[in-house]
Amino acid sequence: MTPAARRWLARAGGAGLLAVAVAVPWSVDAYTTSLFARTLVLGLVGVSVALLTGLAGLPTLGQTGPYAAGAYASALVAMHVSSIGVVQVLTGAAAGALFALLTVPLVVYARGVVVLMITLAIGELTVTAAGRWTSVTGGTDGLAGIPAIQPVWGMAPLASDRARYLYTLVVVGVVIAAMVMLLRTPAGLLLRASRDDEARTRASGHRVTGYLAVTFVGAGAVAGVAGSLLITAQQYVSPADFGFDVSALLLLGVVIGGAASIGGAIVGTALVIAVRDWLSGLLPGYAPLLLGGLFVLTAYLFPRGVAGFSTELANLVRSRSRGRTGPGDRPGTGIQGRPSRGEPVGAAPTSGETR
């Protein structure tokens, strides 16, 4: 399979998934549509977890912190300032980024399991504060009566589950597209280099700590946007939306989907939520067992996650395609299999080729 064919196949697959996602609210009932909207919200938080865990090398259980900050900030803005969706999304992003900025010194100088424990503590302290700060967050009762939003000025409020789902889908798509484009720049390559060999990257004159700090703040902004979308999807927020179980499910979903893949994070999060909310309905009380079985099965069959499996499958198809290539069509050879200029006679075949 040629690189052009692979790109075309990837684009076709993405377009197909997008078409299915757009068709969802016309294919299911209103309650299921609202569940899909919340799945998209958690999938976006999972993307921020994947950005830190798989791409920056900072495993985290604390992304519920900026997620909560963005949700409560957006709820307060919606109730007292503006019902415009753009304003709420920007407010959520700013609140999540500010939360991450205040906690970044605790994280970027640590590595491995220490980061996991620090972020877990940050997330739990955030939930505790949200439950006790009654005058702002409503305490354990939460904030209710949040008005329906208007996506932009002049548009009608989103009064149906279908409209809220489509709005959530658009915002999630825009944020993910922006992230993918940023990760394809030299900044994304430097981030991966810092993860793979931090000592060599530092020796090359790069400020690894600064890169990690910017990434941590950016991931906080993404989680904050997800918090604002949570307000749109359910028009209610409480500390129960940000507990340890949510943090654990997000990290589990990222591991299942592929820690270094943005798309894998969304797929993994969707699988975890499907098992927790739908499959466990057929076996009440067995949700933890089902989630554990899903993790064991995925770890055994797909050690690199669902995204890693798809990459390995594409590599297998490509290697088989090269194996079927005729001698005259090999890269680096001329007509009738003779070596092209600059290649010595009898040179060993390159990787993936056969004589």
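Refer to the preceding data block for the structure.
These numbers come from a predicted model, not from an experiment.

> Would you mind showing me how to read the environment of Leu 249 here?
Relative to the assigned elements, Leu 249 resides in helix α11 (residues 244-257). Residue Leu 249 is classed as buried on the basis of its relative accessible area, which comes to 15%. On a C-alpha basis, the gap between Leu 249 and Thr 269 in space is 7.5 Å, while along the polypeptide they are 20 residues apart. Leave out the neighbours within four places in its chain, and Leu 249 touches Val 272, Arg 276 and Leu 291.

> Looking at this structure, how should I read helix α7 (residues 161-183)?
In an α-helix, one turn spans 3.6 residues; hence positions three or four apart end up facing the same way. In this model α7 runs 33 Å from its N-terminal to its C-terminal C-alpha over 23 residues, within 8% of the 33 Å that 1.5 Å per residue would give. Turning to α7, its buried residues are Arg 164, Tyr 165, Tyr 167, Thr 168, Leu 169, Val 171, Val 172, Val 175, Ile 176, Met 179 and Leu 183.

> Please explain the layout of surface pockets as it appears in this structure.
Any space left empty among the atoms is revealed by the rolling of a water-sized probe across them. Computed from the structure, the second largest pocket encloses a volume of approximately 390 Å³. Residue lining of the second largest pocket: 17 residues in total, with Leu 51, Leu 182, Leu 183, Val 214 and Thr 215 positioned closest to the centre. When contributions to the lining of the second largest pocket are tallied by element, the ones reaching two or more residues are α7, α8 (186-196) and α10 (208-234). Partitioning the lining of the second largest pocket into residue classes produces 13 nonpolar, 4 polar and no charged.

> Can you walk me through the side chain of Ser 48 in this structure?
By secondary structure assignment, the location of Ser 48 is in helix α2 (residues 30-55). From its side chain, Ser 48 meets the backbone oxygen of Val 45 in a polar contact 2.6 Å long. Beyond its immediate stretch of four places on either side in the chain, Ser 48 contacts Gln 63, Ala 219, Val 222 and Ala 223.

> I'm lost on the side chain of Thr 269 in this one. Help?
Residue placement: Thr 269 occurs in helix α12 (residues 262-282). Dropping the residues within four chain positions of it, Thr 269 is found in contact with Leu 42, Gly 43, Gly 46, Leu 250 and Gly 253.

> I keep staring at α8 and nothing clicks. Help me out?
Along α8, the positions that sit buried rather than exposed are Gly 188, Leu 191 and Ser 194. Buried residues in α8, looked at end-on, bunch into an arc of 120 degrees, giving them a common side. Exposed side chains of α8 directed beyond 90 degrees from the buried face belong to Pro 186, Leu 189 and Asp 196. Looking at the packing, one finds that the buried side of α8 touches α2, α7, α9 (198-203) and α10.

> What exactly am I supposed to notice about the packing of α11 against helix α13 (residues 287-301) here?
Relative orientation and spacing of two packed helices are given, respectively, by the angle between their axes and the distance between those axes. Two numbers describe how α11 lies on α13: the axes approach to 10 Å, and their chain directions differ by 25 degrees. With respect to each other, α11 and α13 are oriented roughly parallel. The handedness of the crossing between α11 and α13 is left-handed. In contact with Leu 249, Leu 252, Val 255 and Ile 256 of α11, α13 contributes Leu 291, Leu 294, Phe 295 and Thr 298. Tallied by class, residues from the contact of α11 with α13 come to 7 nonpolar, 1 polar and no charged.

> Could you clarify how one ought to interpret unusual backbone geometry in this entry?
Excluding glycine, most residues fall at negative phi; most peptide bonds, likewise, are trans. The backbone phi angle of Gln 235 is positive, close to 55 degrees, even though this residue is not glycine. Tracing the chain through its elements places Gln 235 in the loop between α10 and α11.

> Before we go on, may I ask you to explain a nonpolar patch on the surface in this structure?
A surface patch of nonpolar side chains, about 500 Å² in accessible area, is lined by Val 86, Leu 90, Val 152, Trp 153 and Met 155. Along the chain, Leu 90 turns up in helix α4 (residues 85-107).

> Is there a simple way to think about the packing of aromatic side chains in this case?
Aromatic ring pairs: the centre-centre distance and the angle between the two ring planes describe each pair. Taken as a whole, this structure holds 2 aromatic pairs when the rule is applied. With 5.1 Å between their ring centres and 85 degrees between their planes, Tyr 67 and Phe 242 make a pair best called edge-to-face. Note that Tyr 67 is positioned in helix α3 (residues 64-80) and Phe 242 in the loop between α10 and α11, a separation of 175 residues in sequence. Summarising the burial analysis for this pair, Tyr 67 and Phe 242 share the class buried. Here Tyr 72 and Phe 242 contribute two aromatic rings whose centre-to-centre distance is 5.9 Å and whose plane-to-plane angle is 50 degrees, an arrangement assigned as tilted. Placement of the pair is Tyr 72 in helix α3 and Phe 242 in the loop between α10 and α11, with a sequence separation of 170 residues. Connected via pairs of aromatic rings, a cluster forms that spans Tyr 67, Tyr 72 and Phe 242.

Cut-off values and rules
- Residues numbered from 1 in each chain as written.
- Predicted model: local features only at pLDDT ≥ 70, side-chain atom pairs only at ≥ 80, totals over all residues.
- Heavy atoms only, no water.
- Helix = DSSP H or I, 4+ residues; strand = E, 2+ residues; numbered from the N terminus.
- Buried < 20%, exposed > 50% of the residue type's maximum accessible area, 1.4 Å probe, protein only.
- Contact = heavy atoms within 4.5 Å.
- Expected span 1.5 Å × (residues − 1).
- 1 Å grid on protein atoms, 1.4 Å probe; cavity = no way out; pocket = protein on both sides within 12 Å on 5 of 7 lines; lining within 4 Å.
- Points joined across faces, edges and corners; volume = space filled by probe spheres on them.
- Nonpolar A, V, L, I, M, F, W, Y, C, P; charged D, E, K, R; others polar.
- Polar contact = N/O pair within 3.5 Å; in protein donor to acceptor, adjacent residues only side chain to side chain.
- Arc of directions from axis to C-beta.
- Axes fitted to C-alpha atoms, helices over the stretch in contact; angles between N-to-C directions.
- Parallel < 35°, antiparallel > 145°, perpendicular 65-115°, else oblique.
- Left-handed = near helix turned anticlockwise from the far one by under 90°.
- Patch = residues over 30% accessible without salt bridge, like charges linked within 9 Å, V, L, I, M, F, W, Y side chains within 5 Å.
- Areas by Shrake-Rupley, 256 points an atom, 1.4 Å probe, with all protein chains shown as cover.
- Salt bridge = Lys/Arg side-chain N within 4 Å of Asp/Glu carboxyl O.
- Phe/Tyr/Trp six-rings, centres within 6.5 Å; stacked < 30°, edge-to-face > 60°.

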